[in-house]
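# Structural overview
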Amino acid sequence: MAKPKVAFYWCASCGGCEEAIVDLNEDILKVAELVNIVFWPCAMDFKYEDVRNMKNGEITVSFINGAIRTKENQEMAKLLRKKSKIVVSFGACSHMGGIPGLANFWDKETIFESSYGKSCPSAENPDNHVPQERWKVEEGELTLPKLFNTVKSLDQVVDVDYYLPGCSPEPYLTMNAIKKILSSDLPAKGTVLAPAKSLCDVCSRNDSKPEKLSLEKIQRVATVQPDPEKCFLAQGIICMGPVTRFGCKEEGDGRCISANMPCRGCYGPPPGVLDVGAKMVSALASILGLEGEEEMKDIDVEKLMAQIPDPAGTFYRFSLPISMLKRKRMSEDK
Ligand code: SF4
Ligand code: SF4
């Protein structure tokens, strides 16, 4: 019997999700036994034309990582959607827009200026050149895909069947997902293929998480040595554990927590959380006792919150494009 066909593709991301496939180690041989990899441009020499020549629905499952940042990302996402029975949004950038999604606080002109213009201290660019979609050189014309103003998650562009969250998804989750998808035991469409718990639910520091918190200072992890036994929030360090799905380790604490670092939210929201940033602000507000709790009487909460150097980047580090804010207001991309 012919093996199911599988594709892996990389849109706007750092490449860590591609490494996450390689991180399957020897299990990658099991994957190769189970399936026929028909498209994986990062690892093998495939051309876009190979995909265009396939029949619609010929690929059993496409794993697409990265956000949708350029016209090329968008075209490939649409092409793979047409050619695939199942599309899995793979990793935080594809799932929520991820770190590239923080670009939605600006527009592309501002980004070009800060990368290539006078405001970039390392750029020597007297003629103020910025990347062009078409550029004539002696040998002919060079082209670049159009960069959109707005970074989108994969499901804002094509229909997605399943999500594998994380920056990057853990190999055990990837392997489980491949087995599940190849079996007849398919989960409901739209399922996030990771445990339905929050990071706090499994955290060994949860007992020290305060019901009510009276803080004088928000601490930055770069400037203090956190107590490895105590909940980060109890130490005045922002930890996104209350609004983040568990899954970054097979068991035990989250990956960052085990390394004595607070969670930044890369696995996205657990069930029931729609907007990660809004929920985190509300979680903090409730434990800080903003509703006139005794212990906060003498503390200027606004001043306390002003100590968070980049609140939007902290609370929406991975999820700005799928949040209620989505982006800074501006005209739509054409
Ligand atoms: S807030 Fe962070 S440190 Fe505290 S219990 Fe939750 S995951 Fe653990
Ligand atoms: S602890 Fe949080 S930021 Fe770190 S890997 Fe896990 S989900 Fe991602």
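Below, the structure is looked at part by part. This one's a predicted model, so the numbers in the text were calculated from it and none came from an experiment.

## Considering the sheet that holds strand 5 (residues 84-90)
Pairing is parallel across the open sheet formed by five strands, whose spatial order is 2-1-3-5-9. Looking at which strands have only one partner, the edges of the open sheet turn out to be strand 2 (36-39) and strand 9 (162-164). Strand after strand, the sheet turns through a mean of 30° between neighbouring axes, direction not considered. Note: strand 1 (residues 5-10) against strand 2, three bridges, orientation parallel. Bridge pairing in strand 2 places Lys5 opposite Asn36. Packing of helix 4 (residues 71-83) onto the sheet brings it into contact with strand 1, strand 2, strand 3 (59-65) and strand 5, and relative to strand 5 it is tilted by some 140°.

## Let's talk about the site of ligand 2
The full set of residues close to ligand 2 is Leu199, Thr244, Cys248, Arg255, Cys256, Cys263, Arg264, Gly265, Cys266 and Tyr267. Class assignment for the residues of the shell around ligand 2 results in six nonpolar, two polar and two charged.

## Section: the site of ligand 1
Around ligand 1, a shell composed of Cys200, Cys203, Asn206, Lys209, Cys231, Phe232, Leu233, Cys239, Gly241 and Pro242 is seen. The site holding ligand 1 turns out to be the largest cavity. Tallied by class, residues from the shell around ligand 1 come to seven nonpolar, two polar and one charged.

## Considering the packing of aromatic side chains
Inspection of every chain in the model, using the stated rule, returns nine aromatic pairs. Between Phe63 and Phe90 the ring centres are 6.1 Å apart and the planes differ by 90°, which places this aromatic pair in the edge-to-face class. Within this pair, whereas Phe63 is found in strand 3, its partner Phe90 is found in strand 5, the two being separated by 27 residues in sequence. Exposure remark for Phe90: the relative accessible area of 1% places this residue in the buried category. On the basis of an interplanar angle of 70° and a centroid distance of 6.0 Å, the ring pair of Phe112 and Tyr116 is categorised as edge-to-face. A residue pair is termed a helical-turn pair when its members lie 3 or 4 positions apart in one helix, as Phe112 and Tyr116 do in helix 6 (residues 108-116) at four residues. For Phe112, a relative accessible area of 17% gives the class buried. In this structure an aromatic cluster arises from ring pairing among Phe8, Trp40, Phe63 and Phe90.

## Here we look at unusual backbone geometry
That bond from Cys167 to Ser168 is cis: its omega, 0°, falls within 30 degrees of zero. One non-glycine residue, Asn128, lies in positive phi territory at about 55°. Along the polypeptide, Asn128 turns up in the loop between helix 6 and strand 6 (134-137). One non-glycine residue, Lys326, lies in positive phi territory at about 65°. As for its placement among the helices and strands, Lys326 is situated in the segment after helix 12 (311-315). A residue is classified by how much of its surface remains accessible, and Lys326, at 42% relative accessible area, is partly exposed.

## Looking at the pattern of salt bridges
One side chain can pair with another of opposite charge once the charged atoms of both are near each other. In the structure shown here, the tally under the stated rule is eleven salt bridges. Arg134 serves as the salt-bridge partner of Glu141, at 3.0 Å between the closest nitrogen and oxygen. Each of Arg81, Asp159, Asp161 and Lys189 takes part in one network of salt bridges that share partners.

## Describing the layout of surface pockets
Size it by volume and the largest pocket reaches roughly 250 Å³. Along its surface, the largest pocket is lined by 14 residues, and Arg220, Arg264, Pro309, Thr314 and Arg317 are the ones closest to its centre. Its boundaries defined by the atoms lining it, the second largest pocket holds a volume of some 200 Å³. What lines the second largest pocket is His95, Val192, Arg245, Pro269, Pro270, Pro271, Gly272, Val273, Leu274 and Ile322. Of the residues assigned to the lining of the second largest pocket, the class counts are seven nonpolar, two polar and one charged.

About the thresholds
- Residues numbered from 1 in each chain as written.
- Chains lettered and ligands numbered in written order.
- Predicted model: local features only at pLDDT ≥ 70, side-chain atom pairs only at ≥ 80, totals over all residues.
- Heavy atoms only, no water.
- Pairing = 2+ DSSP bridges.
- Helix = DSSP H or I, 4+ residues; strand = E, 2+ residues; numbered from the N terminus.
- Axes fitted to C-alpha atoms, helices over the stretch in contact; angles between N-to-C directions.
- Contact = heavy atoms within 4.5 Å.
- Near = heavy atom within 4 Å.
- Nonpolar A, V, L, I, M, F, W, Y, C, P; charged D, E, K, R; others polar.
- 1 Å grid on protein atoms, 1.4 Å probe; cavity = no way out; pocket = protein on both sides within 12 Å on 5 of 7 lines; lining within 4 Å.
- Sits in = over half its atoms within 2 Å of the grid points.
- Phe/Tyr/Trp six-rings, centres within 6.5 Å; stacked < 30°, edge-to-face > 60°.
- Buried < 20%, exposed > 50% of the residue type's maximum accessible area, 1.4 Å probe, protein only.
- Salt bridge = Lys/Arg side-chain N within 4 Å of Asp/Glu carboxyl O.
- Points joined across faces, edges and corners; volume = space filled by probe spheres on them.

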